[in-house]
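Tertiary structure, described
These are the residues of each chain, in order.
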Amino acid sequence: MSSAKARTFKLLQQLAPESSPPLAVLHRHTRRHLASAAAASVTATPATATTSAAPTATLDQPGPSTPTPHGVHPSPTSASSSGPPLVDLEDLSEVDPSAAPGTAGHCGPCPVRQQCLTTGVHVCATGGKGGKGGVPGEDIESPLAESLRFSTPGLPKRAKARLAGPSGNFWYAVEVDANVKNEEVVAAVFWKTSIAIWRDANGKLHAIEDRCAHRQLRLSAGFVEGETLACCYHGWAYDEHGKVVKIAHEIPDAFRKESMPVDPTPGETVDGAPCVSGPNLPKISVRTYPIAVKYGLIFVFPGDPALADSVPLPSIPHLVENPALAHQIVDLSVNAHWTLIVDNNCDFMHAFLHRKYRPFVWPHLKSTARIGDTVRVEYLTDMASSPGAKILGTNTGQDTIVLEYQYPYQRSDLANKYAHICFLLPIDEKRTRTFYIFTWKEMKAGPIDIPNWIRPPIVAGIHKLYLVPVLKQDLYALEEEQACNDLHATKNSVELNPLVSAFQSLTVEKWQEYLDSERARRQSMSRRNWRASFGAGLSDWRWADL
Ligand code: FES
Ligand SMILES: [Fe+2]
């Protein structure tokens, strides 16, 4: 975002009354009106603005060493004496707080965590260390609320499938491993639930509920120190089990047992500040999640933790055979329900969309079969017409490709020569993050096999010049489909591919099964926690997330 847009956005924030809704949700005409006022005041009084002590003056002071009250640094170019030019207000959508993680400005309006609107660098309003933050305002719905909505009488299967979430009792890729460095924290959202992923100073990864037990701030807005994750507000620090092990303020007498510390614990600090710690702190904890790394991706098990050990991480046969086989991760965010992406990846009838790149031509649907929690589809199609296939000589003409919705993953296999897997991270009903991995067991230059050691740049080239452009065509169509389905929610769709109905059945069944099991699990957990807490005194708390 340009410095002019950044300044105008800040001015709009200041002009809006405290009780106003976030700017991004203001009616377009209201935004235009506010923008005119903001632009007029800046253009007309640049000299006053640079000398006044009012917040607007701070905005126009030059240099990165003069943060605004929220820690946002103006660009050096903002010192222009002629005032900023008028900006196109429609571009303010860049700071929409509901934007998907990873998009520009997604944490712009957050009062605690700010992203510098000129440099894109995350800065911490508290002046200390800070995590990358997450999606502000995520709503964590209970299984009961989801169930009620999902069971609305008369809801057709198609509509149910588009409301359905993913069963949490599987491993989900939530982030690229390389994106979380030592002593960093990032937020990932799995179906409306934000999870803080953090790596301690020893390189060990952890996943924890993204809320502080104190006042619910996001822990992903905090910071990692050694082997703890600290909240940015009052400095409560959590260990790998989600337990509070340091508190950076006194425990008032009203809540303190005799055994609990009164004075700061010698030698212990939170980011240099005094704190109490030790075995006699109040028992406070938040939920943690099983976490693992495979194929360069971080996987989390968001459902019943007791099942995590018995549910295998997904595997990629080509990489099982040869873990060193050259491959890359394609990380794409799509503004569409996750099942639309599964449909798209398996419904080859959309060859028309890719008529320029020709990854598959005039496919013939040979079979559709449901086998347990997998829907398997076979197409006979020409996969040798694309420029990539011609260069690599991998395919010879008509081939049978198997595509599977192997719940909750989607994968393909072309005669054990070429394959892909798509890991989906459903964020909510309209947003999904995807991680694709493509593998080539065979890769040829004419009749010659290309050895694996020289494949990485070739694989990188295929991704850049061919696969990603093809996927972006899909992304465009998917976002269009989501938007238009919302627009025509009550209209019938004419569907000619039988796999779509089979996919919807599997999605609806698995979601209902998960909602039922989660409700039962949480109810029993709640009863257990209540019994454990009863009589333990006011100093003992345990988490119960019904
Ligand atoms: S809100 Fe987290 S420590 Fe107070
Ligand atoms: Fe496609």
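This text gives an overview of the structure that appears in the document. Remember, it's a predicted structure, so these values are computed and weren't measured experimentally.

Turning our attention to the packing of helix α8 (residues 338-346) against helix α10 (residues 455-487). In the contact formed by α8 and α10, the axes pass within 10 Å of each other and the chain directions differ by 135 degrees. It follows that α8 is oblique to α10 by the angle criterion. Regarding α8 and α10, the two cross each other, and that crossing is right-handed. Here α8 contributes L340, I341 and N344 to the contact with α10, which in turn contributes D474, L478, E481 and Q482. Class assignment for the residues of the contact of α8 with α10 results in three nonpolar, two polar and two charged.

All right, on to the pairing of strand β3 (residues 172-176) then. Judged by how many residues are buried, β3 sits mostly within the fold: five of five residues are covered. Bridging between β3 and strand β16 (residues 297-300) involves four bridges; their strand directions are antiparallel. Bridge pairing in β16 places E175 opposite I298.

Moving on: the coordination of the iron ion (ligand 2). Surrounding the iron ion (ligand 2) are the protein donor atoms H350 (NE2), H354 (NE2), D474 (OD) and D474 (OD), which sit 2.1 to 2.5 Å from the metal. Coordination at the iron ion (ligand 2) comes from four donor atoms whose angles at the metal span 56 to 147 degrees, giving a geometry best classed as irregular. Mapping the donors of the iron ion (ligand 2) onto the primary sequence yields the spacing H-x3-H-x119-D. With respect to burial, H350 and H354 carry one shared label: buried.

Glancing now at the packing of aromatic side chains. This structure, assessed with the given rule, holds 15 aromatic pairs. An aromatic cluster is built from F170, W338, Y405, Y407 and F503, whose rings are joined through pairwise contacts. Taking the ring centre of F352 as reference, the NZ or CZ of R355 above it sits at 3.8 Å.

Along the chain, the position of R149 falls in helix α5 (residues 143-150). A C-alpha to C-alpha distance of 9.3 Å links R149 and K160, two positions eleven residues apart in sequence.

Before going further, it helps to examine the nonpolar core. In this structure, I197 and F423 are the most contacted members of the largest nonpolar core, which totals 85 residues. The two domains that each donate at least three residues to this core are domain 2 (172-291) and domain 3 (315-501). Not counting residues up to four positions away in its chain, the partners in contact with I197 are V174, V180, E184, V185, V186, A188, L205, H206, A207, I291, I298 and V300. Listed in part, the 21 residues of the second largest apolar core include V185, C212, I247 and M260.

The rules behind each value
Residues numbered from 1 in each chain as written. Chains lettered and ligands numbered in written order. Predicted model: local features only at pLDDT ≥ 70, side-chain atom pairs only at ≥ 80, totals over all residues. Heavy atoms only, no water. Axes fitted to C-alpha atoms, helices over the stretch in contact; angles between N-to-C directions. Helix = DSSP H or I, 4+ residues; strand = E, 2+ residues; numbered from the N terminus. Parallel < 35°, antiparallel > 145°, perpendicular 65-115°, else oblique. Left-handed = near helix turned anticlockwise from the far one by under 90°. Contact = heavy atoms within 4.5 Å. Nonpolar A, V, L, I, M, F, W, Y, C, P; charged D, E, K, R; others polar. Buried < 20%, exposed > 50% of the residue type's maximum accessible area, 1.4 Å probe, protein only. Pairing = 2+ DSSP bridges. Donors = N, O, S within 2.8 Å, 3.2 Å for Na, K, Ca; no water. Tetrahedral: all angles 85-135°; square planar, octahedral: opposite > 155°, others 65-115°. Phe/Tyr/Trp six-rings, centres within 6.5 Å; stacked < 30°, edge-to-face > 60°. Lys NZ or Arg CZ within 6 Å of the ring centre and 35° of its normal. Core = buried A, V, L, I, M, F, W, Y, C linked by side-chain atoms within 4.5 Å. Domains from an automatic or database assignment.

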